[in-house]
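Structure assessment
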Amino acid sequence: GSCIYLPIQSSERMHTYATVLQEEIEKRSGLQWTITNKFECKKIITLDHSPLPDLNKEGFSIRISNNQDSVIIHGFDERGVLYGIGYFLRKITAINGTIEVPEDLKIITNPAYEIRGHQLGYRPKTNAYDAWDRQQFDQYIRELAFFGANSIEIMPPRTDDDFTSVHMRKPAAEMIVDQSKICDAYDLDVWMWYPNMGSDYSHPDSLKKELDERHRVFSSLPRLDHLFVPGGDPGELDPSLLFGWLDKVSVVLHQYHPNAKIWISPQ
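About the thresholds
Residues numbered from 1 in each chain as written. Predicted model: local features only at pLDDT ≥ 70, side-chain atom pairs only at ≥ 80, totals over all residues. Heavy atoms only, no water. Buried < 20%, exposed > 50% of the residue type's maximum accessible area, 1.4 Å probe, protein only. Helix = DSSP H or I, 4+ residues; strand = E, 2+ residues; numbered from the N terminus. Pairing = 2+ DSSP bridges. Expected span 1.5 Å × (residues − 1). Contact = heavy atoms within 4.5 Å. Axes fitted to C-alpha atoms, helices over the stretch in contact; angles between N-to-C directions. Disulfide = S-S within 2.5 Å.

Among the 6 residues of strand E5 (residues 70-75), 6 are classified as buried, and the element is accordingly described as predominantly covered. The alternating pattern of E5 places Ser 70, Ile 72 and His 74 and Val 71, Ile 73 and Gly 75 on opposite faces, both of which are buried. The pairing of strand E3 (residues 43-49) with E5 spans 6 bridges and is classified as parallel. Across the sheet, the residue bridging to Asp 48 is His 74, located in E5. One ladder, built from 5 bridges, connects strand E4 (residues 60-64) with E5; its direction is antiparallel. Within the sheet, the bridge partner assigned to Ile 64 lies in E5 and is Val 71.

Encoded structure:
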């Protein structure tokens, strides 16, 4: 049989990536590949990472060994391994009980763009689906990563025309926590689109209410790398108020996510 080889010192995230490959192979072929740190199989998929001369951040290479018994998926970094797995899955032919790997499978590639992402809203205004459960988001995010995504943008409750939907399996406040956890498991950057929905950003009472909400949202998320705040559409806010307000938001944000960045659009 075939197995997935991981070096002994591999991280928890590398084990996650190996499990992703294992699961996707089984879904498509019925084959159950074992994960091992020993070269004990006839056919081996090797997952490894280290900076190599032809690779850059998040890049990967794939090649077949000279004796045709191993496929080596090598990432510049851990993320690169995940993108290599995605490319490998797209190139193989999986039919009941068999996996065919192209004989000429060989590539060295690096990302053309630093930020590659999608907004996945859990809301009635569909850019993902308000009917999805955690497992469906997990599979969708996983497959976006297979095609090279490194960023997923979520959104807090109260930012849509409708706060809820009859299709929702759980409250939006809980689903964004799940989305953040899923992204962190695959090491994808978590963005949050957070328009200014309050009616007053000058009165102390109104500011406190808005900041309290951000404390609740930011503290609930296990991972948040970037906060994206549109200047309008919705939440029109004059620059004279917007920048002062975001100074206050940044203090709350960095209390829970010290390295997170704030991005502003003139939307």
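This next bit is on helix H4 (residues 172-186). In this model, H4 (15 residues) spans 21 Å end to end at C-alpha, consistent with the 21 Å of a helix rising 1.5 Å per residue. Within H4, the full set of buried residues consists of Ala 172, Met 175, Ile 176, Val 177, Asp 178, Gln 179, Ser 180, Ile 182, Cys 183 and Tyr 186. Close packing links the buried residues of H4 with helix H1 (12-29), helix H2 (78-91), helix H3 (134-146), strand E10 (151-154), strand E11 (189-193) and helix H5 (204-220). Positioned one or two residues after H4, Asp 187 has a phi angle of 60 degrees, which is positive.

Here we come to the sheet that holds strand E12 (residues 226-230). Here we have 5 strands laid out as an open sheet, ordered E9-E10-E11-E12-E13, and parallel in their pairing. A strand with exactly one partner marks an edge of an open sheet, and here the two such strands are strand E9 (117-119) and strand E13 (261-265). Each strand axis lies, on average, 20 degrees off the axis of its neighbour in the sheet, ignoring direction. Looking at chain direction, E10 and E11 are connected through 4 bridges and run parallel. From the neighbouring strand, Ser 151 faces E11, where its bridge partner is Asp 189.

Let us now look at the state of the cysteines. Two cysteines whose sulfur atoms are joined by a covalent bond form what is called a disulfide. Following the criterion strictly, the structure yields 1 disulfide and no others. With its sulfur 2.3 Å from that of its partner, Cys 3 forms a disulfide with Cys 41. Across the S-S bond of Cys 3 and Cys 41 the torsion is about 130 degrees, and the bridge reads as right-handed. One end of the pair, Cys 3, is in strand E1 (residues 2-5); the other, Cys 41, is in the loop between strand E2 (34-36) and E3, with 38 residues separating them in the sequence. Judged by its relative accessible area of 0%, Cys 3 falls in the buried class.

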